[in-house]
Amino acid sequence: MQWPSHGGRPEQLLARFGLAADREILDFSANINPLGPPAWLKDRLIAGLDGLDVYPDPGYLEARCAIAEAENLDSAQVLLTNGGAEAVFLAARLHAGQTATIVQPTFVEYERACRHYGLRVADLPLSPDNSFSLDETRASRAMEGSDVLFVCRPNNPTGTLIERSLVERLLEAGRRLDCTLVVDEAFVDFLTDPVERLTPLLARYPNLILLRSMTKLYAIPGLRLGYLLGSPEVVRHAAALQMPWSVNSLAAALVEPLLADSGFVARTHRWLQEERLRLHEAFARLGFQVTPSQVNFLLLRDARCPSATGKLFEFLLHAGILARHTHNFRGLDGAWLRLAVRSREDNGRLLAALGDWSPAG
């Protein structure tokens, strides 16, 4: 069976499991903020239609300055991108033809981007036996033979977080070994502790590149907004490799007001803290093994029968719930399911379905 490479595509799976294409489905496979976009965004987009006959600013100065102010950086350290995916591909292109190590299991686009630009790729696998935590000794050893190390923090699909102090030590090792650390922080805005952000480390470590996405938190995946942070030299090099006008003017104009909407972020954090804790505790009571996620999704499998994950996926789909399969995450190979944290009502329906599940069938 050909599994979709990303979440959020229920139509690709319904027919394969004998279900009608118009069946109502609760999509727990895509990690998008269930609060939806900020209420003002639609009117802002409509107002922006009057400017569609004008090219975007090729340097996106206003958007970059807004990001720089929010991150306490210089605008020369910011590159606006067409979603987090373009930032990933630019980071790989900066190291075209070199050697990369990817901490696995993780987002599939790192390997795709590396292979697209001719990088030789090695994996650094994490183990469920220690909650998918990163071993410093093994990571440092892997960096010895690599030009670049790709890390997702918080990690997709496990939701786990590498401590900032460990990242600092890896950056020190990378400086000695001439190895760059590319850290994808697509879900960092869901963290409630600002101490865990890595942005301040850019001042001390030119071998650090941070990748960000604005589509997850603000629920705008169709608009494609992201950015890359690094030293001015790295950003200049990446900008020279970037396709001109890769971000449309409607999306670019949203950066400043989105970053200014602190109320939206606060509401998101309150929702997430309540619902993630509720789900985590409920999953454990129902007999599921769950990763210690710090963000808006959790990775789980039935602790009583880990081999029944495929049956569990199909059971949930027939119950009107789409989970994210893990067949294309290296090291997971379909043995786990990733479930987004949604609204209280939706999460209640998920828990009710899981309460009816029995691995014995």
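Conventions adopted
- Residues numbered from 1 in each chain as written.
- Predicted model: local features only at pLDDT ≥ 70, side-chain atom pairs only at ≥ 80, totals over all residues.
- Heavy atoms only, no water.
- Pairing = 2+ DSSP bridges.
- Helix = DSSP H or I, 4+ residues; strand = E, 2+ residues; numbered from the N terminus.
- Axes fitted to C-alpha atoms, helices over the stretch in contact; angles between N-to-C directions.
- Contact = heavy atoms within 4.5 Å.
- Patch = residues over 30% accessible without salt bridge, like charges linked within 9 Å, V, L, I, M, F, W, Y side chains within 5 Å.
- Areas by Shrake-Rupley, 256 points an atom, 1.4 Å probe, with all protein chains shown as cover.
- Salt bridge = Lys/Arg side-chain N within 4 Å of Asp/Glu carboxyl O.
- Buried < 20%, exposed > 50% of the residue type's maximum accessible area, 1.4 Å probe, protein only.
- Arc of directions from axis to C-beta.
- Lys, Arg positive; Asp, Glu negative; His and termini not counted.
- Charge placed at Lys NZ, Arg CZ, Asp CG, Glu CD.
- Core = buried A, V, L, I, M, F, W, Y, C linked by side-chain atoms within 4.5 Å.
- Phe/Tyr/Trp six-rings, centres within 6.5 Å; stacked < 30°, edge-to-face > 60°.
- Lys NZ or Arg CZ within 6 Å of the ring centre and 35° of its normal.

Another aspect to go through is the sheet that holds strand β10 (residues 297-302). The antiparallel open sheet is built from 3 strands, whose spatial order is β9-β10-β12. What marks the edges here is a single partner per strand, and that holds for β9 (288-290) and β12 (337-340). Going across the sheet, the axis of each strand differs from the next one's by a mean of 40°, ignoring polarity. The pairing of β10 with β12 spans 4 bridges and is antiparallel. Bridge pairing in β12 links L300 to L337. Of the strands in this sheet, β9, β10 and β12 touch helix α11 (residues 262-285), which is tilted by about 5° from β10.

All right, on to a nonpolar patch on the surface then. A surface patch of nonpolar side chains, amounting to about 280 Å² of accessible area, comprises I46, L49 and L52. According to the relative accessible area criterion, L49 is partly exposed, its value standing at 44%.

On to the environment of E281, then. Note on placement: E281 falls in helix α11. When the C-alpha positions of E281 and D184 are compared, they lie 28 Å apart, and in sequence the two are 97 residues distant.

What follows covers helix α12 (residues 309-318). The α-helix winds at 3.6 residues per turn, so residues separated by three or four positions along the chain end up facing the same way. Among all positions of α12, only T309, L312, F313, L316 and L317 are buried. The arc enclosing the buried residues of α12, seen along the axis, measures out at 135°, which places them on a common side. Note on α12: the residue one or two positions beyond its end, G320, has a positive phi of about 85°.

A cluster of acidic residues, D57, E62, E69 and E256, forms a negative patch on the protein surface. As for its position among the elements, E69 is in helix α3 (residues 61-71).

Another aspect to go through is the sheet that holds strand β5 (residues 148-152). Sheet strands line up and pair through hydrogen bonds in the backbone, either parallel or antiparallel. Strands sit in the order β2-β8-β7-β6-β5-β3-β4 across an open sheet of 7 strands; the sheet is mixed. Where the open sheet ends on each side, the last strands, each with one partner, are β2 (78-81) and β4 (120-125). Within the sheet, the average angular offset between the axes of one strand and its neighbour, ignoring direction, is 20°. Relative to strand β8 (residues 226-229), strand β7 (residues 208-213) is paired through 4 bridges, and the arrangement is antiparallel. Opposite L211, over in β8, you have L228 as the bridge partner.

This part covers the nonpolar core. The biggest cluster of nonpolar side chains holds 86 residues, and the ones touching the most others in it are L80, L134, L225, F283 and L316. The element best represented in this core is α11, accounting for 6 residues. When residues no more than four places from it in sequence are discounted, the contact partners of L134 are V103, L124, L126, A139, I162, L166 and L170.

Below, the discussion takes up the packing of aromatic side chains. Counting across every chain of the model gives 9 aromatic pairs. Measuring from ring centre to ring centre gives 5.5 Å for F132 and W336, while their planes differ by 70°; the resulting arrangement is edge-to-face. Here the residue F132 occupies a position in the loop between β4 and α6 (136-144), and W336 occupies one in the loop between β11 (321-322) and β12, the gap between them amounting to 204 residues. Per residue, the accessibility class of F132 equals that of W336, and both read buried. By the ring-pair criterion, three or more aromatic residues cluster together here, those being F107, Y110 and F150. The ring of F297 is capped by R338, whose NZ or CZ atom sits 5.7 Å from the centre of that ring.

These figures capture arrangement, not role.
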